[in-house]
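Topology and contacts: notes
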Amino acid sequence: MSTVKAGNIKKGSYILYRSVPHYVLRVNFISPGKGSAFAKVKMRDMRTGANVEFNFKSHDNVEELDVQSKEMQFLYKSGDEIIFMDPNSYEQVPVPVKLLEGQVEMLSSEIKVYVIFHEDKALGVSLPPKVKLKVVKAEEAVAGDRQTAGKKAVIMETGLVVQAPLFIKKGDVLSIDTSTGDYVSRVN
Amino acid sequence: MQKNWQKMRQNQFFTEKLLLREQVIKAIRKFFDQEKFHEVETPLLVKSPGTEPYLEVFSTKLKDEHANSQPAYLLTSPEYAMKKLLVAGLDKIYQICKSFRNQESFGNNHNPEFTILEWYRASADYKKIMDDFSRLMLFISSELQNYYQEIESDFADYILSRLKNNQVEYLGKIYNLQLPYQRMTVAEVFAQYLKINDQELLDRDKLYNLAQKQDYPLAKEESWDDLFYQLFLNEIEPELAKLDHPVIIYDYPLSQAALAKKKKDDPRFAERFEVYLAGLELGNAFSELIDYQEQEDRLKSELLLRKKLKKSTYTLDQDFIAALKLGMPESGGIAVGVDRLIMFFAGVADINEVLFFPALEIFK
């Protein structure tokens, strides 16, 4: 563990906030006309999966957690847990589903993920920026509604529903942005 | 990543969303025209920008024809020049211009260069400005409804589905712009949300204890201003964001209002207000401080603080002090973030979606 100034908190790091590990999702700096600069930090509570926001003074001391990330393979989902396996030692590690909010449906056994550990306890999972998934269901093109003009919903092998261009067919392989779940391109 | 101008080539809806800016600005001009205000233009490149201790400015050099140079800055607000125009005899003025703030985040509610609307009324105070602001919001909403009713497009339908009479849907929630706005003093909001009275609010140790109780990371020597603002940001702003209408927060503790007039009946507070809507801080207003001596003292101490904080320093705007010395009428004035108004009416959460060329695209 090391102490950093709140003004130096980085997106993607893990900090101890109210004695609980939190993953930093976003940092914005605000300099109000009166008063010192503040870091508005949006973070995920790694115990509950809930997102919280807190405004730190830039000079506040914050504990940054030393984490190790280990490359692992997705095995299966079991109730509230996702089971990952170390491909070298075959050791299996359960990770609570709530730590992968919105990303469970992007996991396939093909992709390599990094499980983040702090003192041997899994804190979270880091997916590659993009994953390749196969389309298992795609309707014929229909006129899109106004907000999604030129797009249609297709279902991926993992159950993920993606808004994709009208030309996408069943069997296509798509590249998906794991931070948003959005279609990026066709990569057949 | 596609840039906004590239997205415009493919997406008519996106293009029309960016063009909402034009309609909002037209509505603002029409409003002030009807109110018989003069539109003025003052320099963006100045010798003495605002002294707010925590705002960083853009510094440059101005060279004459012999290449002799002197420091010059992009302003953070056109306030000083507009007040000189009040002294010059103009009594109702407004300006829509760019302002610049350095060392801030790109995106969300901030862009290093942004569009500011300021207006000033002589022989008026901040209460009159509160009234102006609320009527302006309703006026913009109604002008947009009139305009988009004549347009056949998906975007026009989208706007008309969100703007109905006095109501505006923003990010899934409906806000009522009906007059009059709810008004609460700073002391009242602290009493309501943090259960402390006005005396405790001004007591640094009391705020320290409150922050400690909330488990804030704290150093021993935290200042009253920092504690005040941190409690406001964490405990009060989120509550204000839950309201389904605009709210005016007024009468700030004196140290939070360097350009505002003290309250006659309670000099611990100054006549400043901020207006919040949907979690957006839309405007900051004062009954203007017109006492030249007090103004000079406050600006000097701010410049000293800037030096201590290692921010750019510059000379005090003596011309501004000279103007006050000549006699500025009692006045009220306000600065409004135009980009944020546009975000609200466009229904977007990120300023980068209402700028043709966000700084993020250029510099990051």
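Residues numbered from 1 in each chain as written. Chains lettered and ligands numbered in written order. Predicted model: local features only at pLDDT ≥ 70, side-chain atom pairs only at ≥ 80, totals over all residues.

Examining the overall build of chain A
In terms of helices and strands, chain A carries zero helices and 16 strands. Considered along the principal axes of its C-alpha atoms, chain A spans approximately 55 × 50 × 25 Å. Burial analysis of chain A (188 residues in total) assigns 28% to the buried set. Put simply, 46% of the contacts in chain A that link residues at least 6 apart link residues at least 24 apart. (Helix = DSSP H or I, 4+ residues; strand = E, 2+ residues; numbered from the N terminus. Buried ≥ 20, exposed ≤ 12 C-beta atoms within 10 Å, placed from the backbone. Contact = placed C-beta atoms within 7 Å.)

Quick look at the overall build of chain B
Of regular secondary structure, chain B possesses 13 helices and 14 strands. Over its C-alpha atoms chain B spans a radius of gyration of 21 Å, differing by no more than 12% from the 21 Å that the globule rule assigns to 364 residues. Overall, chain B is about 60 × 55 × 45 Å in size when its C-alpha atoms are taken along their principal axes. The proportion of buried residues among the 364 residues of chain B is 39%. (Rg over C-alpha atoms; globule rule 2.2 N^0.38 Å.)

As for the interface of chain B and chain A
Each partner contributes residues to the interface: chain B has 19 residues there, and chain A has 20 residues. At the level of elements, α5 (154-162) and α9 (224-242) of chain B are the ones that each hand at least two residues to the side of chain B that touches chain A. Top element by residues in the side of chain B that touches chain A is α9 of chain B. It accounts for six residues. The residue inventory of the side of chain B that touches chain A, partitioned by class, reads five nonpolar, six polar and eight charged. (Nonpolar A, V, L, I, M, F, W, Y, C, P; charged D, E, K, R; others polar.)

Considerations on the sheet that holds strand β8 (residues 81-85) of chain A
All names here are of chain A. Read across the open sheet, the five strands follow the order β9-β8-β7-β10-β11; overall the sheet is antiparallel. Edge positions in the open sheet fall to β9 (92-96) and β11 (121-126), since each of these has one partner strand only. Averaged over all adjacent pairs, the angle separating strand axes in this sheet is 45 degrees, with direction ignored. Two strands pair when backbone bridges link them, and strand β7 (residues 68-78) and strand β10 (residues 112-118) are joined in this way by six bridges, in the antiparallel orientation. (Pairing = 2+ DSSP bridges. Axes fitted to C-alpha atoms, helices over the stretch in contact; angles between N-to-C directions.)

Considerations on the domain arrangement of chain A
Residues and elements named next belong to chain A. Considered domain by domain, chain A is made up of domain 1 (2-64), domain 2 (68-126) and domain 3 (130-186). Domain 1 and domain 2 are separated by 25 Å when their C-alpha centres are compared. Listed per partner, the contact involves six residues of domain 1 and six residues of domain 2. The residue makeup of the side of domain 1 that touches domain 2, split by class, is four nonpolar, two polar and no charged. (Domains from an automatic or database assignment.)

Re the packing of helix α4 (residues 126-149) of chain B against α5 of chain B
All names here are of chain B. In the contact formed by α4 and α5, the axes pass within 9 Å of each other and the chain directions differ by 145 degrees. Both α4 and α5 take part in a crossing whose hand is left-handed. Contacts between α4 and α5 involve Leu144, Gln145, Tyr148 and Gln149 from the former and Ala156, Ile159 and Leu160 from the latter. (Left-handed = near helix turned anticlockwise from the far one by under 90°.)

Re the nonpolar core
In this structure, Ile342 and Phe345 of chain B are the most contacted members of the largest nonpolar core, which totals 71 residues. Here this core gets nine residues from one element, more than from any other, and that element is α4 of chain B. The contact partners of isoleucine 342 of chain B, leaving out residues within four places of it in the chain, are Leu20, Arg21, Val24 and Val354 of chain B. Residues Ile30, Met106, Leu133 and Leu174 of chain A belong to the second largest nonpolar core, which totals 59 residues. (Core = buried A, V, L, I, M, F, W, Y, C linked by C-beta atoms within 7 Å.)

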